[in-house]
Amino acid sequence: MSEKPLKHAIAETRARYSTDGAPTRVNRGYKLREDLIKACKRIALEENRRLYKVMEQALEEYVERRSQ
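Residues numbered from 1 in each chain as written. Predicted model: local features only at pLDDT ≥ 70, side-chain atom pairs only at ≥ 80, totals over all residues. Heavy atoms only, no water.

Draft legend 1. Region of the structure containing the overall build of the chain. When its secondary structure is counted, the chain shows three helices and zero strands. Secondary structure elements of the chain occur, N-terminal to C-terminal, as α-α-α. Counting the 68 residues in the chain, one finds 6% classified as buried. A total of about 6,700 Å² of accessible surface is found on the chain, and carbon and sulfur atoms cover 54% of it. (Helix = DSSP H or I, 4+ residues; strand = E, 2+ residues; numbered from the N terminus. Buried < 20%, exposed > 50% of the residue type's maximum accessible area, 1.4 Å probe, protein only. Areas by Shrake-Rupley, 256 points an atom, 1.4 Å probe, with all protein chains shown as cover.)

What follows is the structure, encoded as structure tokens:
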């Protein structure tokens, strides 16, 4: 692996965090199952939350379970 792509990857990773250390949100354009999106939308509506917050929480909980 050449040095240039590695430097680019490191710079790209660093750019994902703001100066105060909080992660920034990026639009990656992932394709998700429609039924999962609808279920998350229902939860967001019931809890008066934003859809991305519901999905973000679900992913955080999944990652946490996987790391145990």
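Let us keep going from here.
Draft legend 2. Structural view of the environment of tyrosine 52. Relative to the helices and strands, tyrosine 52 resides in helix 3 (residues 51-66). Tyrosine 52 gets classed as partly exposed once you look at its relative accessible area, which sits at 39%. Taking C-alpha positions, tyrosine 52 is 9.3 Å from lysine 41, a pair spaced eleven residues apart along the chain.

Draft legend 3. How the structure looks around helix 2 (residues 34-46). With 13 residues, helix 2 should cover 18 Å at 1.5 Å per step; its first-to-last C-alpha distance of 18 Å lies within 8% of that length. Looking at helix 2, one finds that the buried residues are Ile37, Cys40 and Ala44. One side of helix 2 carries all its buried residues, which in axial view fall inside an arc of 65°. In helix 2, the exposed positions that point more than 90 degrees away from the buried face belong to Arg42, Leu45 and Glu46. Buried residues along helix 2 sit against helix 3. (Expected span 1.5 Å × (residues − 1). Arc of directions from axis to C-beta. Contact = heavy atoms within 4.5 Å.)

Draft legend 4. Quick look at the pattern of salt bridges. Under the criterion given, the structure shown has three salt bridges. Between arginine 25 and glutamate 56 there is a salt bridge; the shortest N-O distance is 2.7 Å. One end of the pair, arginine 25, is in the loop between helix 1 (3-15) and helix 2; the other, glutamate 56, is in helix 3, with 31 residues separating them in the sequence. Exposure remark for glutamate 56: the relative accessible area of 25% places this residue in the partly exposed category. Between aspartate 35 and arginine 33 there is a salt bridge, and its shortest N-O distance comes to 2.8 Å. (Salt bridge = Lys/Arg side-chain N within 4 Å of Asp/Glu carboxyl O.)

Draft legend 5. Quick peek at unusual backbone geometry. Positioned with a positive phi, asparagine 48 is a non-glycine residue whose angle comes to about 55°. Mapped onto the secondary structure, asparagine 48 falls in the loop between helix 2 and helix 3.

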